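# Chains, contacts and geometry: an overview
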Amino acid sequence: MINLILFGPPGSGKGTQAQKLVEQYELLHISTGDLFRNEMSNDTPLGKQAKSFIAKGELVPDEVTIGMLRNKVEANPNVRGYIFDGFPRTIAQSVALDTLLSEKNEEVSKLIMLEVPDDEIVDRILKRGETSGRTDDLDSSIIRNRIEIYKNETTPVYDFYSVKGKAVRINGVGSIQEIFDRLCDEIDNL
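This write-up is about the structure you can find in this document. (Residues numbered from 1 in each chain as written. Predicted model: local features only at pLDDT ≥ 70, side-chain atom pairs only at ≥ 80, totals over all residues. Heavy atoms only, no water.)

Attention now moves to the overall build of the protein. Across its full length, the protein holds eight helices and five strands. In sequence order, the protein lays out its α and β elements as β-α-β-α-α-α-β-α-β-α-α-β-α. Seen through its principal axes, the protein has C-alpha atoms that stretch 45 × 40 × 30 Å. Of all 190 residues assigned to the protein, the portion counted as buried reaches 43%. Partitioning the contacts of the protein with sequence separation of at least 6, the portion at a separation of at least 24 is 71%. About 9,900 Å² of surface is accessible on the protein, with carbon and sulfur atoms providing 49% of the total. (Helix = DSSP H or I, 4+ residues; strand = E, 2+ residues; numbered from the N terminus. Buried < 20%, exposed > 50% of the residue type's maximum accessible area, 1.4 Å probe, protein only. Contact = heavy atoms within 4.5 Å. Areas by Shrake-Rupley, 256 points an atom, 1.4 Å probe, with all protein chains shown as cover.)

Laid out in structure tokens, this is it:
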């Protein structure tokens, strides 16, 4: 089983590449944003909990996020593996993911970080903002703040898996196909 963490700042191309990896390797793409939207729109108990925190402008606690993740994994036991996108974002979430996978006699195969210069990220998100409908995708200062939050809060996750020999950085600049080929080279070596 292949269990990948696709890692990188907002706008690094994780969603685009995850779609291609799903087709290539028959993996299940698990995006925390999609999990939240699904659980909340279906008004599940976890979705209701998430809504209550979001309504107050608070972050959804790890246990709620991990509960949603557990539900998704358990609902799809026969897949060839998972691509985790947007999770884990903290060391605590990394430990929880490792625990969840170990309960299934599995482990994270690799964390692959897409490295993209800040200016390139800003350009990409501004272009995305022209069609995304998200106002935060149209303001370069908000985008740069999101990049800084990523660097400060989520980069330790890379280090967590790096000490286990499970993290690698790849160049996230180039055509979609060039970046995809770099990802496939890493995955094919697993």
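Next comes the rest of the description.
Time to look at the packing of helix α2 (residues 32-41) against helix α3 (residues 45-55). Interaxial distance between α2 and α3 falls to 7 Å at its minimum, and their mutual angle equals 110°. Compared by their axis directions, α2 and α3 come out roughly perpendicular. Within the contact between the two elements, α2 uses F36, E39 and M40 and α3 uses L46, G47, A50, K51 and I54. Residues that form the contact of α2 with α3 fall into these classes: five nonpolar, one polar and two charged. (Axes fitted to C-alpha atoms, helices over the stretch in contact; angles between N-to-C directions. Parallel < 35°, antiparallel > 145°, perpendicular 65-115°, else oblique. Nonpolar A, V, L, I, M, F, W, Y, C, P; charged D, E, K, R; others polar.)

For the bond running from F87 to P88, omega is 0°, close enough to zero to count as cis. By secondary structure assignment, the location of P88 is in the loop between β3 (81-85) and α5 (91-102). Of note, E26 is a non-glycine position whose phi angle comes to about 55°, a positive value. Relative to the helices and strands, E26 resides in the loop between α1 (14-25) and β2 (28-31). Of the residues examined, E26 reaches a relative accessible area of 52% and is grouped as exposed. With phi around 55°, D43 is a residue other than glycine that occupies positive phi space.

Here we come to the sheet that holds strand β4 (residues 110-115). Reading across the sheet, the five strands line up as β2-β3-β1-β4-β5 and stay open at both edges, with parallel pairing between neighbours. Since the sheet does not close on itself, it has two edges, and those belong to β2 and β5 (167-171), each with one partner. For this sheet, the mean inter-axis angle between neighbouring strands, taken without regard to orientation, is 25°. Sheet topology places strand β1 (residues 2-7) next to β3; five bridges connect them, and they run parallel. Opposite N3, over in β3, you have Y82 as the bridge partner. Together, β2 and β3 form the strand contacts of helix α4 (residues 62-75), whose direction differs from that of β2 by roughly 165°. (Pairing = 2+ DSSP bridges.)

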